[in-house]
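# Breakdown of the fold
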Amino acid sequence: MKEVQGGCCAAKGFSASGVHAGIRKNSLKKDLALIFADCDCAVAALYTTNRVTAAPLQVTRRNLMRGTARAVIVNSGVANACAPDGEQNALKTCEALAKELGIRFDEVIVNSTGVIGVPLPVDAVTDAIPALVKGLSRYGSDDAANAIMTTDTVPKQAAVQLEIAGKTVTVGGIAKGSGMIHPNMATMLAFITTDAAITSEMLHAALSDSNRISYNRISVDGDTSTNDMVAALASGMAKNPQIEWKGPDYRKFLEAVNFVNSKLAKMIARDGEGASRLISCLVKGASSEECAEKLAMGVISSNLVKATMYGADANFGRILCAMGYSKAPFKPENVDIAFRSSGETIEVCKDGMGLSFDEDLAKRILTRDEVQILVDLHDGGCEAEAFGCDLTERYVEINGAYRT
């Protein structure tokens with residue numbers, strides 16, 4: 001595989017754009033994004049598990065029953081969730097975009113992100129659609145990635161190429177996410193594009209398989225939103241033999257999807273609201289991958305662990321405590337814990353007991369931008385890694401005034 005530039009436009013057949021429609025007060029902030037495919041695409045999507053589901057997701061679910069799609073439109077600033085005329089406004093958006101593009105309204109994936117409970121200014125959206133369509137470009141991924149941001153501090157894009165059956169296949173995508181990040185399915189939006197020839201069924205399988213080890217292994221604050229969506233479109237323009245079953249070509253394709261989704265997921269965790277560093281937890285020596293995953297997620301989801309990481313305090317007790325209430329089976333008396341960053345490692349716990357260690361070295365390791373918590377269970381050959389961030393005062397500041 002080779003990492004390439006271009007985000008959601010890296011694959012053949014896709015263009016994108018982003019404009020300021022007037023949903024957000026800041027006229028310099030793009031707030032409406034579009035991804036468009038030159039042809040009918042195989043499509044797959046995963047949605048929030050929150051019982052309170054935003055209107056755009058309900059409309060998208062119905063639209064995708066045909067198994068194909070051509071366009072993705074997303075606004076930021078207003079979530080169009082728990083708001084008057086939500087479904088009607090989502091449908092108006094689809095219809096206006098479809099008319100401008102010359103496609104069917106049910107070939108549109110629609111979503112929103114922002115404040116819950118506020119009516120979507122649908123006229124602002126529809127009025128901006130002609131400019132949005134006019135601005136479509138093979139170099140428009142950056143504009144689209146910026147337009148879907150809310151409290152994000154940086155746009156999130158990734159793309160990779162590999163060879164399948166002698167053809168160059170590209171997978172790319174954009175994502176947004178900073179707060180309300182937690183499985184299942186991890187609160188965020190991600191839109192993946194590929195020129196692979198693949199059935200909608202196999203595209204859905206790849207998205208589901210990849211989601212389990214990427215977006216479902218990050219957590220910022222334990223909250224899951226009403227608008228979460230991961231959607232994928234496949235144009236087939238790479239002209240590889242169509243992937244119709246879970247054979248060698250599927251496994252190669254899945255490897256590329258995993259790369260893109262994992263990179264975007266880590267970007268989301270690193271950009272957690274108010275965060276100062278990326279925190280990961282690698283649990284190895286587990287009896288099963290499920291056990292390792294539960295323990296890793298338990299550690300990076302713990303507010304006490306996150307606060308400890310913010311304070312650069314090598315308090316391994318909080319890590320053991322979080323493991324203990326994760327409901328995953330392990331033997332505390334066998335656990336080793338260490339911290340690692342930038343090539344330096346310090347052991348702080350052996351066989352479930354604290355060790356004497358160099359506090360200055362620990363502080364140096366824990367104050368870096370990326371810190372890895374290493375846990376060895378000595379109970380098997382399986383492992384899993386989860387990603388999160390520290391918890392700072394800034395998180396409270398952002399969410400204490402999110403609506404106002």
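The rules we used
- Residues numbered from 1 in each chain as written.
- Predicted model: local features only at pLDDT ≥ 70, side-chain atom pairs only at ≥ 80, totals over all residues.
- Heavy atoms only, no water.
- Helix = DSSP H or I, 4+ residues; strand = E, 2+ residues; numbered from the N terminus.
- Rg over C-alpha atoms; globule rule 2.2 N^0.38 Å.
- Buried < 20%, exposed > 50% of the residue type's maximum accessible area, 1.4 Å probe, protein only.
- Contact = heavy atoms within 4.5 Å.
- Areas by Shrake-Rupley, 256 points an atom, 1.4 Å probe, with all protein chains shown as cover.
- Expected span 1.5 Å × (residues − 1).
- Salt bridge = Lys/Arg side-chain N within 4 Å of Asp/Glu carboxyl O.
- Axes fitted to C-alpha atoms, helices over the stretch in contact; angles between N-to-C directions.
- Parallel < 35°, antiparallel > 145°, perpendicular 65-115°, else oblique.
- Left-handed = near helix turned anticlockwise from the far one by under 90°.
- Nonpolar A, V, L, I, M, F, W, Y, C, P; charged D, E, K, R; others polar.
- Patch = residues over 30% accessible without salt bridge, like charges linked within 9 Å, V, L, I, M, F, W, Y side chains within 5 Å.
- Lys, Arg positive; Asp, Glu negative; His and termini not counted.
- Charge placed at Lys NZ, Arg CZ, Asp CG, Glu CD.
- Pairing = 2+ DSSP bridges.

A separate point is the overall build of the protein chain. Across its full length, the protein chain carries 11 helices and 15 strands. A compact globule built from 404 residues would reach a C-alpha radius of gyration of about 22 Å, and the protein chain, at 22 Å, matches this within 12%. By its C-alpha atoms, the protein chain is 70 × 55 × 35 Å across when sized along the principal axes. Out of the 404 residues in the protein chain, the part that is buried amounts to 58%. Of all intrachain contacts in the protein chain linking residues separated by at least 6 positions in sequence, the fraction that spans at least 24 positions is 80%. Surface summary for the protein chain: the accessible area is close to 16300 Å², and the carbon and sulfur share equals 49%.

Compared with an ideal rise of 1.5 Å per residue, which puts 16 residues at 22 Å, helix H2 (residues 86–101) spans 23 Å between its outermost C-alpha atoms and is within 8% of the ideal. Within the span of H2, buried status applies to Gly86, Asn89, Ala90, Thr93, Cys94, Leu97, Ala98 and Leu101. Buried residues belonging to H2 abut strand S3 (32–47), helix H1 (55–63), strand S4 (68–78), strand S5 (108–115) and helix H3 (122–134).

Inspection of the entire model under this criterion finds 15 salt bridges. The shortest N-O distance in the salt bridge between Arg217 and Glu293 comes to 3.1 Å. On the criterion of sequence distance, the pair formed by Arg217 in the loop between helix H5 (200–213) and strand S9 (229–234) and Glu293 in helix H7 (residues 289–301) is long-range, its members being 76 residues apart. Neither Arg217 nor Glu293 differs from the other in exposure class; each is buried. Note that Glu290 is salt-bridged to Lys294, the shortest N-O span being 3.8 Å. Separated by 4 residues within a single helix, Glu290 and Lys294 lie in helix H7, roughly one turn from each other. Accessibility expressed as a relative area gives 52% for Glu290, which makes it exposed.

All right, on to the packing of H5 against helix H6 (residues 248–270) then. At a closest axis distance of 9 Å, the pairing of H5 and H6 adopts a crossing angle of 45 degrees. On the basis of their axis angle, the class for H5 and H6 is oblique. For H5 against H6, the interelement crossing comes out right-handed. In contact with Met202, Leu203, Ala205, Ala206, Leu207, Asp209, Ser210 and Ile213 of H5, H6 contributes Tyr250, Phe253, Leu254, Val257, Asn258, Asn261 and Ser262. Taken together, the residues of the contact of H5 with H6 break down into 10 nonpolar, 4 polar and 1 charged.

Attention now goes to unusual backbone geometry. Even without a glycine there, the phi angle at Lys239 is positive, about 65 degrees. The backbone phi angle of Ala312 is positive, close to 55 degrees, even though this residue is not glycine.

Let us look at a negative patch on the surface. Taken together, the side chains of Asp313, Asp358, Glu359 and Asp360 make up a negatively charged region of the molecular surface. On the basis of relative accessible area, Glu359 is assigned to the exposed category, the value being 52%.

Across the sheet, 6 strands lie side by side as S13-S12-S11-S14-S10-S15; this open sheet has mixed pairing. Of all the strands in the sheet, the pair left with one neighbour each is strand S13 (353–354) and strand S15 (382–389). As defined by bridge partners, strand S10 (residues 278–286) adjoins strand S14 (residues 370–376) across 7 bridges and the pair is classed as parallel. Note that in S14 the partner of Leu278 across the bridge is Glu370. Lying over the sheet, helix H9 (residues 316–324) contacts strand S11 (336–341), strand S12 (344–350), S13 and S14, oriented at roughly 120 degrees with respect to S11.

The next point concerns the environment of Ala307. By secondary structure assignment, the location of Ala307 is in helix H8 (residues 303–310). Using a relative accessible area of 34% as the deciding quantity, one classes Ala307 as partly exposed. Along the backbone, Ala307 and Glu393 are 86 residues apart, and their C-alpha atoms lie at a distance of 9.7 Å.

Such coordinate-based values are descriptive only and should not be taken to indicate function.
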